[in-house]
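# Descriptive structure summary
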4 protein chains.
Amino acid sequence: MGFKGTLRPGLVQLRVLDFDKTLDFYKNVLGLDEVCRTSDGRVCLKAYDEFDHHSLTLRLADTAGLDYVAFKVGCPDELEKMKEAVQAFGYAVDTVQAETDQPGFGKRYGFTISTGHRFEIYSDVKLSEKTPMIQNPDIWTEPPRGMKAQRLDHFLLYGPNIAEAERFCQEVLGMFVPEVCNTPDGNRLAAWITSSNKPHDLAFVEYPHAGKIHHLGFYLEDWHDVGNAADWIAINNLKLDIGPTRHAITRGHSIYFWEPSGNRIEVYSGGYTAYPDNPQRTWDSAQLGRGLFYYSGEVIPSFLEVVT
Amino acid sequence: MGFKGTLRPGLVQLRVLDFDKTLDFYKNVLGLDEVCRTSDGRVCLKAYDEFDHHSLTLRLADTAGLDYVAFKVGCPDELEKMKEAVQAFGYAVDTVQAETDQPGFGKRYGFTISTGHRFEIYSDVKLSEKTPMIQNPDIWTEPPRGMKAQRLDHFLLYGPNIAEAERFCQEVLGMFVPEVCNTPDGNRLAAWITSSNKPHDLAFVEYPHAGKIHHLGFYLEDWHDVGNAADWIAINNLKLDIGPTRHAITRGHSIYFWEPSGNRIEVYSGGYTAYPDNPQRTWDSAQLGRGLFYYSGEVIPSFLEVVT
Amino acid sequence: MGFKGTLRPGLVQLRVLDFDKTLDFYKNVLGLDEVCRTSDGRVCLKAYDEFDHHSLTLRLADTAGLDYVAFKVGCPDELEKMKEAVQAFGYAVDTVQAETDQPGFGKRYGFTISTGHRFEIYSDVKLSEKTPMIQNPDIWTEPPRGMKAQRLDHFLLYGPNIAEAERFCQEVLGMFVPEVCNTPDGNRLAAWITSSNKPHDLAFVEYPHAGKIHHLGFYLEDWHDVGNAADWIAINNLKLDIGPTRHAITRGHSIYFWEPSGNRIEVYSGGYTAYPDNPQRTWDSAQLGRGLFYYSGEVIPSFLEVVT
Amino acid sequence: MGFKGTLRPGLVQLRVLDFDKTLDFYKNVLGLDEVCRTSDGRVCLKAYDEFDHHSLTLRLADTAGLDYVAFKVGCPDELEKMKEAVQAFGYAVDTVQAETDQPGFGKRYGFTISTGHRFEIYSDVKLSEKTPMIQNPDIWTEPPRGMKAQRLDHFLLYGPNIAEAERFCQEVLGMFVPEVCNTPDGNRLAAWITSSNKPHDLAFVEYPHAGKIHHLGFYLEDWHDVGNAADWIAINNLKLDIGPTRHAITRGHSIYFWEPSGNRIEVYSGGYTAYPDNPQRTWDSAQLGRGLFYYSGEVIPSFLEVVT
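Remember, predicted model here, so these are calculated numbers, not experimental data. (Residues numbered from 1 in each chain as written. Chains lettered and ligands numbered in written order. Predicted model: local features only at pLDDT ≥ 70, side-chain atom pairs only at ≥ 80, totals over all residues. Heavy atoms only, no water.)

## Points about the sheet that holds strand S12 (residues 202-206) of chain B
All names here are of chain B. Strand order in this open sheet of nine strands is S14-S15-S16-S13-S9-S12-S11-S10-S17, and the pairing throughout is mixed. The sheet is open, and its two borders are formed by strand S14 (239-246) and strand S17 (281-284), each paired with just one other strand. Averaged over all adjacent pairs, the angle separating strand axes in this sheet is 15°, with direction ignored. Judged from the five bridges that link them, strand S9 (residues 151-159) and S12 form a sheet pairing that is parallel. If you follow Leu156 over to S12, its bridge partner there is Ala203. (Pairing = 2+ DSSP bridges. Helix = DSSP H or I, 4+ residues; strand = E, 2+ residues; numbered from the N terminus. Axes fitted to C-alpha atoms, helices over the stretch in contact; angles between N-to-C directions.)

What follows is the structure, given as structure tokens:
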């Protein structure tokens, strides 16, 4: 049995500056579980409500930021068809075979899109030993910790030529675009893109420097847990960027803050149920402040400037 | 452009016993908007966060219950292919051409499945004149009323031979089955089925009498709004069935109650994000009480017996 | 400096049947902290948001139920005046001097009221070593556990002649009575009584057997945490009595369940801000079901019958 | 029967710049009910969960700001005793007899405190014709509107010599001071003061200009309703000051914004249960940002500078 197209963003590899404080954040504040470490010292983590082996890999480096994001595809046949579609779109594809590179994962195909980000696609990954229960399941098996992140949700990427990236996500990855923002001269400033009923699996903002990540988003149960996350930000003296607030775009509730290595994290809940046949929502760039931060109506400077 | 397979349950026609009290409930307590009336006196309604023309039609009758449910399919080509698949599955298909039958809707194909329910499929429906905003959208255009139902969510059908119905939903409608319940001898007692990331678009319970509906479910924002709905139940002296509670199955928060004509309504929020590649959750029938009503752990008799 | 009258119910001693399962519940599910054990083996606990030494003492016994409740009075002078008022009301008063009896507590005066319950009053108790922070305080110092009970809130006592008990609380303890329920012949069936802006510090229901406790109530932050408490009930296979629900009486959100020794516990949040100059709310006994369980409108039999 | 001391802040008279937009805000956005108009054109309003005749009077003027605040005292005897205590404290007292001045209110005594604010005290006020229900009460009689403000909660006053004002509130009004903030040289910078179990009925910040009001606070049910209020701020294009956020001081959840006339309004929920015997919480002025805005940890300039 196989499923069509892209299922979801399933794996992100981030660069972090030290493991002691940063891992403590991801495990005890955000609430992820450490799954394993790779032979070259990277740390693999997952959220308590995810089934697959892991969804986040942290690599020690001199600068924070994103190594790559990887999307899970419905089945091996779809993966091969999608690889060919990537090449047909004009991107060179490499193959990562090594299970040691990402334990539990099978073959991944990688390529660089117009915005300068490395994307990967894969269809084969082992289940975690610590999945949610499947036989007469309880709602969780261990009490969720800290912010109680349920799963990896989405990411916002900054880079040049997002129009091509958006087209790629639609034509090759089979996604749709529930919401966009245009400049007065009609150019794309931002796009929110999904392969599912989630209002976004990823988003792009047009930006002169390639390969930047604005934030990585994790899903919380509801607005109450957004407030709880804010409590944990305060008690742990994490640097808040903005929130708790609501986006008019996606309609989700949100907080942005920086983890100890300087990667911006969003914890997010809610949002509308996106359907591909619904009209696309469109924002004028003059209204983007209201679209992003519905309550203040203003984009704070750090939001547009600080990326890693 | 066309989308694959089934998008969602998009239209339900219910029988009601009188319009005065019942419409007052749907409009001022549940919070739907009246869209129009048909020439034969039926009333068409929609929830504030739905785009399509309407999602619920009420027909005056001597008994409460379900006339039919209709699923929106991605595009006309998909509709024709699905019609042929229905016939190939062995069900006779009729065609409803009249726009007067359901204003705003194009051609619908109808057929009766193993459980004795009439299903319909369609791809063509006009947008409502009162869709959610799409240009620099606010989160709503008029303050949501009463229980603040956001959209039609799902329904639970009772009837014989649900094993075939489940197979039909997968093989013909292209859905998947995140969760099932089996009797000790391994027969299907219940199945929760979806065409999306919602944990269920519909569900079946095995039952000797054909064509029965247990409840129609509408979506609320969160647990807080489930509590608010309970307040409206109390203040309006509606008859509560059970709740507020949580399902272990789908993990959603819920209340069941009867509207004035005797149709059982659920208002529901949350639930996990369903993916087709995740393992299927399985319940033993001895644990069904806990699966349905996680807090009490017991099925109340009315839940299994009273259907319309 | 001294404060007038009764401040709050500050200490309860309960009988439990075993310590292993029961303490595990109070500490890891309800979320209390163990403070100390007495020389005769009782266990003293407090909630994370309480300042005084402890608020709950558990004593091993053959039957579950209440030994006594104790009210904190504003200052030693008030205590002596109140002791005299108790005697003037006609109740014999004994004195408990031993700090060993309740570690951290000074002198307590005890007496039996008309309903057969032992009440105590005291003014002197040490602060806990683990109070909430007071210098540039965080909102908590350790993450609240389980149901996250913030503090002892109230108790409901069953016994004969509650009319006298109600009068005693007003005339001697200086409390007021925001809400009452009367039988058709005008007799008191129940009363909700407070010394503060909380809608109740204690309540009475008329009952033929003396000295019974219906439940002990702990305070949660809000309706969301009532839902969280219900999750913990389910996951720990505690026996639910009723809820999550709302009381029209006090207007609070609530769940009732039994701890492992068979004492009924309520976790409660919200409720109106009670003022002594506001009119008293009055319930007809025929409406008590709606008053107690606003959503179902019915008193479940176990609620009126099962007391310890 | 009479109650001791001060019950609560019961009446505020504010200056507003126009009635059309401002009244629309107070009635349809904040959710107050208009009670009556005075012969000189002022408008009297109350929140849906208040019993007394009205709690807010709006007066057309050239500048926004506060005319006076008035505290309800337990009974006429207490009022006379308190009047004498005011005079003994050294403040000149005037008497407002006219029911026409504040319809429904009896005699009020007025005086100016050290910070330059006019305070009034009264014991006699009629019940509203639209109180909350008292016979078998529902939780509300009409659906709460907009932000669903339940009642007047508190106000923050800016002016000189708050040390004296704080002492006055304790010694004459019989209040206590759950929380304070001091400068490094030990002077009072701010104090939070209450006559009840609410964490504050009023607060002062030391400020060179007399008689200023920072904000008027209304109570909401919980954090969810703080989020709902933020939605109404956005949809009505009200100017946000800060929030949704949490105070470490009082521990309540909050938003600040400006109503159309330029008075700053806070909608607030939660907060700890304050008891006079609990230790006073103390803040260093260097930590005030964290105390006020727990999530960002920083005082925004507008918060300390903009008062009316």
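What follows picks up the thread again.
## A word on the interface of chain D and chain C
With 42 residues of chain D in contact, the opposing surface of chain C contributes 42 residues. Summed over both partners, the interface of chain D with chain C comes to about 4000 Å²; 50% of that surface belongs to carbon and sulfur atoms. Considering only the side of chain D, the residues that lose the most area to chain C are D:Asn136, D:Ile139 and D:Tyr275, jointly responsible for 16% of the buried surface there. In this structure, the connection of chain D to chain C is made through 10 salt bridges. (Contact = heavy atoms within 4.5 Å. Buried area = accessible area lost by both parts, 1.4 Å probe. Salt bridge = Lys/Arg side-chain N within 4 Å of Asp/Glu carboxyl O.)

## Considerations on helix H3 (residues 162-171) of chain D
Those residues of H3(D) that sit buried are D:Ile162, D:Ala165, D:Glu166, D:Phe168 and D:Cys169. For H3(D), the angular spread of the buried residues around the axis is 160°, confining them to a single face. (Buried < 20%, exposed > 50% of the residue type's maximum accessible area, 1.4 Å probe, protein only. Arc of directions from axis to C-beta.)

## Digging into the confidence of the model for chain A
Of all residues in chain A, 99% have pLDDT values of 70 or greater, and the mean over the chain is 96. Interface confidence in the predicted complex, given as ipTM, is 0.96; pTM for the same model is 0.97. (pLDDT = per-residue confidence, 0-100.)

## What about the state of the cysteines?
A complete count under the given rule lists zero disulfides over all chains for this structure. A disulfide-free cysteine, B:Cys181 has its sulfur positioned 17 Å from the sulfur of B:Cys169, the nearest such atom. Residue B:Cys181 is classed as buried on the basis of its relative accessible area of 0%. No disulfide involves D:Cys36; its sulfur sits 3.8 Å from that of D:Cys44, the nearest cysteine. Note on D:Cys36: relative accessible area 18%, which makes it buried. (Disulfide = S-S within 2.5 Å.)

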